[in-house]
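Next come the chains, spelled out residue by residue.
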Amino acid sequence: MGESMTVPFLDLKASYNELAAELDTAVLRASRSGWYIGGAEVETFEAEFAAYTQAKYCVGVGNGLDALILALRALDIGAGDEVLVPSHTFIATWLAVSAVGAIPVPVEPISGSYNLDAASAEAYITSRTKAILPVHLYGIPADMDAICQLAKKHRLAVVEDAAQAHGAKVRGKRIGSHGDVVAWSFYPGKNLGALGDAGAITTNDTTIAQRIRKLGNYGSSVKYFNEERGINSRLDPIQAAILAVKLKHLDAWNTRRENIAQHYTRALAHLPITLPQVPAWAEAVWHLYVIATPQRDLLHASLTKADIQTLIHYPVPPHLQRAYMDVGASKLSLPLAERYANEVLSLPIGPQLDAEHVEKVISVVADTSTSTNS
Ligand SMILES: *Cc1c(COP(=O)(O)O)cnc(C)c1O
């Protein structure tokens, strides 16, 4: 114990082990059904996830990036259109906009938060702007009331990137239908994670739900009759069976994350580091516990030396990625996104992280932060 104890960033094997009996039963059932695309497993999960997210419809798709792309396509967003996106986010948010031929227009976060600032977004709206694409980053919801109000005023669509926010709430209402379409990822490391790639969209709009189901199935509603140039992006029945099992445990697992987050917040509050802020109207689900400090690299090194795994979400902001070099994105002035890339550090958090590990993280962060700032 003590010195030699490795603290994993997120132990996916432990997550599987805890539910192994239930998960194995579900996989066997799906395998033995003889039905391997669509069907009962997918329909059951879609109905349960729609109910959980308080949305009318859920359509399973192949992954989170496809969910975003299909959401934009279902809203007829394409070549030449502009979509407001956060400057500080995972690259998939931007890539989805680029994939449909539209232009991602970055908006900086609210100071003291990591989410898109609706107030400063207004200045970026032009005659070409078609949608706002907020991300509920790290599991802390964006202010959907402010964002939807702005969208309504300018007749813009709202697509939410909820890949990190399964179960989060805004003013008591679950993420799932504040915007026109909500895109979900069930990548294994998410709060609700499959044992492989998977994704979904939720919406209250019948037309959008039907269009996304068609677009993700070759643009076809009736086999071999193709109304649109769609893609193949469907939720795998085996993953759906797995997700239905894990959905039943999501709230309990989010509560465990919440307890760890509260413990970190209490224990680290006196240190000269920035802790995550959750607005009073929000319920976060702690996909990540992200701290920020100008001494990030030093802290990262101390934690690594102590066998504590940490990650940086994200080390390079989208506008500085080589993928966006040809459009001159690096010339944009996005000081907050650039500062966060240099200062943020994600501490270990997850439903299977034990108390002893949490204590070890706290003690190394406390020792390092005190000695580097005194
Ligand atoms: C994980 C993630 C995605 C993409 O999901 P995939 O299933 O990996 O395609 C999109 N946006 C955000 C914010 C994410 O964290």
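See the structure shown above.
(A) Region of interest: the site of the ligand. Taken together, N63, G64, L65, F90, A92, V135, D161, A163, Q164, S185, Y187 and K190 make up all the residues around the ligand. K190 is positioned with one of its side-chain polar atoms (N or O) 2.7 Å from an oxygen atom of the ligand. If the ligand stood free it would expose 380 Å²; the protein chains cover 91% of that surface. Its residues placed into classes, the shell around the ligand shows six nonpolar, four polar and two charged.

(B) The arrangement of the pairing of strand 14 (residues 344–347) in detail. Neither face of strand 14 is left uncovered, since the one carrying V344 and S346 and the one carrying L345 and L347 both have all their residues buried. In this structure, strand 13 (residues 289–292) lies alongside strand 14, joined through four bridges in antiparallel fashion. Of the residues in strand 14, the one forming a bridge with Y289 is L347.

(C) Examining the sheet that holds strand 6 (residues 169–170) more closely. Strand order in this open sheet of three strands is 7-6-12, and the pairing throughout is antiparallel. Every other strand in the sheet has two partners, leaving strand 7 (173–174) and strand 12 (282–283) as the edge strands with one partner each. As paired elements, strand 6 and strand 7 share two bridges and run antiparallel to each other. Bridging from a neighbouring strand, K169 pairs with R174 of strand 7.

(D) Quick peek at the state of the cysteines. Under the criterion given, the structure shown has zero disulfides. The cysteine C58 is free of any disulfide, with C148 supplying the nearest cysteine sulfur at 19 Å. The exposure class assigned to C148 is partly exposed, which follows from its relative accessible area of 22%.

The rules we used
- Residues numbered from 1 in each chain as written.
- Predicted model: local features only at pLDDT ≥ 70, side-chain atom pairs only at ≥ 80, totals over all residues.
- Heavy atoms only, no water.
- Near = heavy atom within 4 Å.
- Polar contact = N/O pair within 3.5 Å; in protein donor to acceptor, adjacent residues only side chain to side chain.
- Areas by Shrake-Rupley, 256 points an atom, 1.4 Å probe, with all protein chains shown as cover.
- Nonpolar A, V, L, I, M, F, W, Y, C, P; charged D, E, K, R; others polar.
- Buried < 20%, exposed > 50% of the residue type's maximum accessible area, 1.4 Å probe, protein only.
- Helix = DSSP H or I, 4+ residues; strand = E, 2+ residues; numbered from the N terminus.
- Pairing = 2+ DSSP bridges.
- Disulfide = S-S within 2.5 Å.

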